[in-house]
Amino acid sequence: MAVTPESKRTPLIAGNWKLNLNHLQSIAFVQKLAWSLQDARLDFRTVDVAVFPPFTDLRSVQSLIAADHFPILFGAQDLSEHDSGAYTGEISGAFLKALDCRFVIVGHSERRAYHHETDAIVGSKAAAAIRHGLVPVICVGETAEDLETRGASAVPVEQLGVALEGLPEGADFVVAYEPVWAIGSGRAATPEQAESVAARLREVIEGAMGPDAAARTRILYGGSVKSDNIASFLREPDVDGALVGGASLVVEEFAKIARFQSHVGV
Ligand SMILES: O=C(CO)COP(=O)(O)O
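Residues numbered from 1 in each chain as written. Predicted model: local features only at pLDDT ≥ 70, side-chain atom pairs only at ≥ 80, totals over all residues.

**Describing the overall build of the protein**
Regarding its fold elements, the protein presents 12 helices and eight strands. In terms of C-alpha radius of gyration, the protein reaches 17 Å, essentially the compact-globule figure of 18 Å for 266 residues. For the protein, the spread of C-alpha atoms along the three principal axes comes to 50 × 45 × 35 Å. In the protein, which comprises 266 residues, the proportion classed as buried is 46%. Counting contacts in the protein only where the partners sit at least 6 residues apart, residues at least 24 apart contribute 74% of the total. (Helix = DSSP H or I, 4+ residues; strand = E, 2+ residues; numbered from the N terminus. Rg over C-alpha atoms; globule rule 2.2 N^0.38 Å. Buried ≥ 20, exposed ≤ 12 C-beta atoms within 10 Å, placed from the backbone. Contact = placed C-beta atoms within 7 Å.)

Below you can see the structure in the form of structure tokens.
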């Protein structure tokens, strides 16, 4: 879908910490990140910066951000598809909302692979997020084998189609296109590859949720994003930010990614 620069959505730079940084480390990290971005005079009206700590860090991150008015957003890495009941170990959307989470990641490829989350479960989690006023970051992406046998977009298109089925009209959500072969491999997709899948995903959103949703929904790229390749992705018309793993654990590197507009023009 062609988008003029004026209609570009506010970029979202999101750091998925995965199973890293305990609650004490998360406090130090968020302080340093906020100071670094404020020092660099990042204009927070032009970019949203969010971190996704482990559940046990959320209270610490919430308290710090609220107390110091840091303009940093945060979310959780997963939630339960259930709202309450006998589901040992699960965390509900209501619990996350009560900690001021804005976002929650659903369907990360690591959860699909290691926790056997199906497209239907991911859809049900996305719906649970919306039910509780959270913005789901719906992750989709093909494995190396999918890429070889079915091309880049077939699996992400299928995954997103199912995830959107149970969402109400007007739902606010983010999509993250993360090719599994690019995650943690140091081998990022090219900006052209990311754009080509992102454009297909935008068509899926348009088909399922209508043209307004397609125009306003942010589609992120994830997989070996670093400060030296971020700007090339953000130049693509349908790529509206990044979901960053490894590089989001190093404060200076993540701050540099968040400041992509200053080090290379887009
Ligand atoms: O999985 C990712 C973010 O969710 C990407 O991880 P890397 O940035 O480490 O490749």
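**Examining the sheet that holds strand 4 (residues 103-106)**
Sheet strands line up and pair through hydrogen bonds in the backbone, either parallel or antiparallel. Strand order in this closed barrel of eight strands is 1-2-3-4-5-6-7-8, and the pairing throughout is parallel. In this sheet, neighbouring strand axes are inclined to one another by 25° on average, regardless of whether the strands run parallel or antiparallel. Summarising the sheet, strand 1 (residues 12-16) and strand 8 (residues 241-244) pair through four bridges and their orientation is parallel. Bridge pairing links Gly15 to Val244 in strand 8. In the packing of helix 7 (residues 154-165) onto the sheet, the strands contacted are strand 5 (135-140) and strand 6 (174-177), and the crossing angle to strand 5 comes to about 150°. (Pairing = 2+ DSSP bridges. Axes fitted to C-alpha atoms, helices over the stretch in contact; angles between N-to-C directions.)

**Let's talk about the site of the ligand**
In the neighbourhood of the ligand, 14 residues make up the surrounding shell, with Asn16, Ile183, Gly222, Gly245 and Gly246 lying closest. Across the shell around the ligand, the residue classes tally to five nonpolar, eight polar and one charged. (Near = placed C-beta within 6 Å. Nonpolar A, V, L, I, M, F, W, Y, C, P; charged D, E, K, R; others polar.)

**Focus: the UniProt feature "binding site: substrate" (unreviewed entry) in the protein**
According to UniProt, the "binding site: substrate" (unreviewed entry) feature falls on Asn16, Trp17, Lys18, Gly184, Ser224, Gly245 and Gly246. These annotated residues cover 231 residues of sequence, and their C-alpha atoms lie no more than 14.2 Å from one another, placing them together at a single site. Here Asn16 is to be found in strand 1. Look at Asn16 and you get buried, because 26 C-beta atoms sit within 10 Å. Leave out the neighbours within four places in its chain, and Asn16 touches Phe52, Gln77, Ile105, Leu243, Val244, Gly245 and Ser248. (UniProt positions renumbered as here; feature names shortened; annotations may be inferred.)

**Considerations on the pairing of strand 6**
Taking every second residue as pointing to the same face, both faces of strand 6 are buried, with Val174 and Ala176 on one and Val175 and Tyr177 on the other. Where strand 6 and strand 7 (residues 218-222) come together, four bridges link them in parallel fashion. Among the inter-strand pairings, Val174 is bridged to a residue of strand 7, identified as Arg218.

**Comments concerning the pairing of strand 3 (residues 73-76)**
Residue alternation in strand 3 divides its side chains into two sets, Leu73 and Gly75 and Phe74 and Ala76, and both sets are buried. As judged from the two bridges shared by strand 2 (residues 48-52) and strand 3, these two strands associate in the parallel manner. Bridge pairing in strand 3 links Ala50 to Leu73. Here strand 3 runs beside strand 4; their pairing, made up of two bridges, is parallel. Bridging from a neighbouring strand, Gly75 pairs with Phe103 of strand 4.

**What about the nonpolar core?**
Counting residues in each nonpolar core, the largest one holds 77 residues, and the members touching the most others are Val104, Val137, Ile138, Tyr177 and Ala242. Sorting elements by how many residues they give to this core places helix 8 (residues 191-209) first, with six residues. If we skip the residues at most four places from it in the chain, Tyr177 touches Val140, Gly141, Pro156, Ala194, Val197, Ala198, Leu201, Ile219, Leu220 and Tyr221. (Core = buried A, V, L, I, M, F, W, Y, C linked by C-beta atoms within 7 Å.)

**Quick notes on the confidence of the model for the protein**
Overall, the prediction assigns the protein a mean pLDDT of 95, with 96% of residues at 70 or greater. Note on residues 1-6: pLDDT is under 50 here. Beyond four places in sequence and across chains, it has seven contacts. We note a pTM of 0.96 for the whole complex and an ipTM of 0.99 for its interfaces. (pLDDT = per-residue confidence, 0-100.)

**A word on unusual backbone geometry**
A positive phi angle, near 55°, is found at His116, a position not held by glycine. Among the structural elements, His116 can be located in the loop between helix 4 (109-114) and helix 5 (119-131). The backbone of Ser224 sits at a positive phi, close to 60°, despite the residue not being glycine. Positionally, Ser224 belongs in the loop between strand 7 and helix 10 (230-234).

**Describing helix 5**
Taking 1.5 Å per residue, 13 residues should reach 18 Å; helix 5 reaches 18 Å between its end C-alpha atoms and fits that length. The complete set of buried residues in helix 5 reads Val122, Gly123, Ser124, Lys125, Ala126, Ala127, Ala128 and Ala129. Buried positions along helix 5 lie against helix 3 (93-98), strand 4, strand 5 and helix 7. Immediately beyond the C-terminal end of helix 5, within one or two residues, lies Gly133, with a positive phi of roughly 75°. (Expected span 1.5 Å × (residues − 1).)

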